[in-house]
Amino acid sequence: MSNPTRRAAIVTGAAGGIGGAIAARLEKDGVDVLAVDLDPDVTGRGPAPHGVPFAADLTTRTGNESAVRAALDEFGRLDMIVANAGFQHVSPIAEFPEDRWDSLIALMLTSPFLLAKYGWSALRTAPEGGRFLVIASAHALVASPYKAGYVAAKHGALGLVKTLALEGAEHGITACAICPGYVRTELVQRQVAAQALAHNMSEERVLEDVILAAQPVKRLIEPEEVAELASFLLGPHGRSFTGVPVSMDQGWTAR
Ligand SMILES: NC(=O)c1ccc[n+]([C@@H]2O[C@H](COP(=O)([O-])OP(=O)(O)OC[C@H]3O[C@@H](n4cnc5c(N)ncnc54)[C@H](O)[C@@H]3O)[C@@H](O)[C@H]2O)c1
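Residues numbered from 1 in each chain as written. Predicted model: local features only at pLDDT ≥ 70, side-chain atom pairs only at ≥ 80, totals over all residues. Heavy atoms only, no water.

(A) Focus on the site of the ligand. Lining the immediate environment of the ligand, one finds 30 residues, of which Asp 37, Arg 45, Tyr 150, Val 183 and Thr 185 sit closest. Contact between the ligand and Ile 18: an oxygen atom at 2.8 Å from a main-chain N or O atom of the residue. Between the ligand and the protein, one listed contact pairs a nitrogen atom with a side-chain N or O atom of Asp 57 at 2.9 Å. Where the shell around the ligand is concerned, the elements lending two or more residues are helix H1 (17-28), helix H5 (148-168) and helix H6 (186-199). If one sorts the elements of the shell around the ligand by residue count, H6 sits on top with four residues. (Near = heavy atom within 4 Å. Polar contact = N/O pair within 3.5 Å; in protein donor to acceptor, adjacent residues only side chain to side chain. Helix = DSSP H or I, 4+ residues; strand = E, 2+ residues; numbered from the N terminus.)

Here it is in structure tokens:
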């Protein structure tokens, strides 16, 4: 229900993982959240546990447009957009499936663009300044082999954020990217299990020797830690952060 005194947010990929933690944290901050994710029947994850659940396929234009419209219909305003939904595909370049490439770019680069485009006029009128936040990755700053689609999409999303920061400055809109190292979510759990099978190694060894090889600190970040940073960047003390990647990568990009 519309409440003109509360800020309103769209969080994508909010059925679990980092997006779920951000939706929960923003609710604690008193923000109304439209929790966008694929249809729960498709993901098998159930509806988003925090916020007002809204089903949309964000690899489509209509999915992004309907999410922005739903937020405005539900809350009567839109103060912040958190473009978080994403997935990984690991494959050598010569075998990289073209459809997976298209989906990676559609979800992690084109969807943030469309959400910004469709939500821009609402962000411009946000009383405390509009906020646009992408949950990017250390892979927005550095590459790894076999992750061409993911790395390209994340680098592109950082370019989008920089552009939005320049365009948003005169309208009080900030745009930032959080760039985490590995976070304890299904996305990583799936990679650990697949690599353990492929290399005939224990999951513990895969985690330390393969997945976290690039991170000097051998620890997974918890989704709530990312949510805490998002809450800061989206709150009043985050207003000076714009056009920048905010790294949270356990020393990965210090090398
Ligand atoms: N987990 C990590 O280690 C890590 C590290 C750095 C960055 N990230 C980024 O953080 C974001 C969230 O990742 P996560 O680890 O929480 O993953 P996750 O798999 O736990 O959650 C991703 C969510 O996105 C949703 N989603 C997928 N395709 C969608 C579509 N077409 N339309 C709508 N929703 C869709 C999924 O249903 C899922 O709920 C991603 O952009 C990811 O690249 C994750």
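Still more ground to cover, so stick around.
(B) Spatial organisation of the domain arrangement of the protein chain. Per the domain assignment, the segments making up the protein chain are domain 1 (8-183 + 221-248) and domain 2 (185-220). Distance from the C-alpha centre of domain 1 to the C-alpha centre of domain 2: 25 Å. Taken together, the contact between domain 1 and domain 2 spans 14 residues of the former and ten residues of the latter. In total, domain 1 and domain 2 occlude about 1000 Å² of area from one another, counting both sides; carbon and sulfur atoms represent 55% of this. Connecting domain 1 to domain 2 are two salt bridges. One salt bridge connects Arg 219 with Glu 225, and the closest N-O pair in it is separated by 3.1 Å. Looking at the side of domain 1 that touches domain 2, the elements that each hand over two or more residues are H1 and helix H8 (223-234). Among the residues forming the side of domain 1 that touches domain 2, the class breakdown is six nonpolar, four polar and four charged. (Domains from an automatic or database assignment. Contact = heavy atoms within 4.5 Å. Buried area = accessible area lost by both parts, 1.4 Å probe. Salt bridge = Lys/Arg side-chain N within 4 Å of Asp/Glu carboxyl O. Nonpolar A, V, L, I, M, F, W, Y, C, P; charged D, E, K, R; others polar.)

(C) Local environment of the packing of aromatic side chains. Tallied over the full model, the rule gives two aromatic pairs. Relative to Trp 252, the ring of Tyr 182 has its centre 5.4 Å away and its plane inclined at 10°; by these criteria the two rings are stacked. Note that Tyr 182 is positioned in the loop between strand E6 (174-180) and H6 and Trp 252 in the segment after strand E7 (244-248), a separation of 70 residues in sequence. The class for Tyr 182 is buried, based on a relative accessible area of 9%. Ring centres of Phe 232 and Phe 241 lie 5.6 Å apart, and the angle between their planes is 80°; this geometry places the pair in the edge-to-face category. Owing to a relative accessible area of 31%, Phe 241 belongs among the partly exposed residues under this scheme. (Phe/Tyr/Trp six-rings, centres within 6.5 Å; stacked < 30°, edge-to-face > 60°. Buried < 20%, exposed > 50% of the residue type's maximum accessible area, 1.4 Å probe, protein only.)

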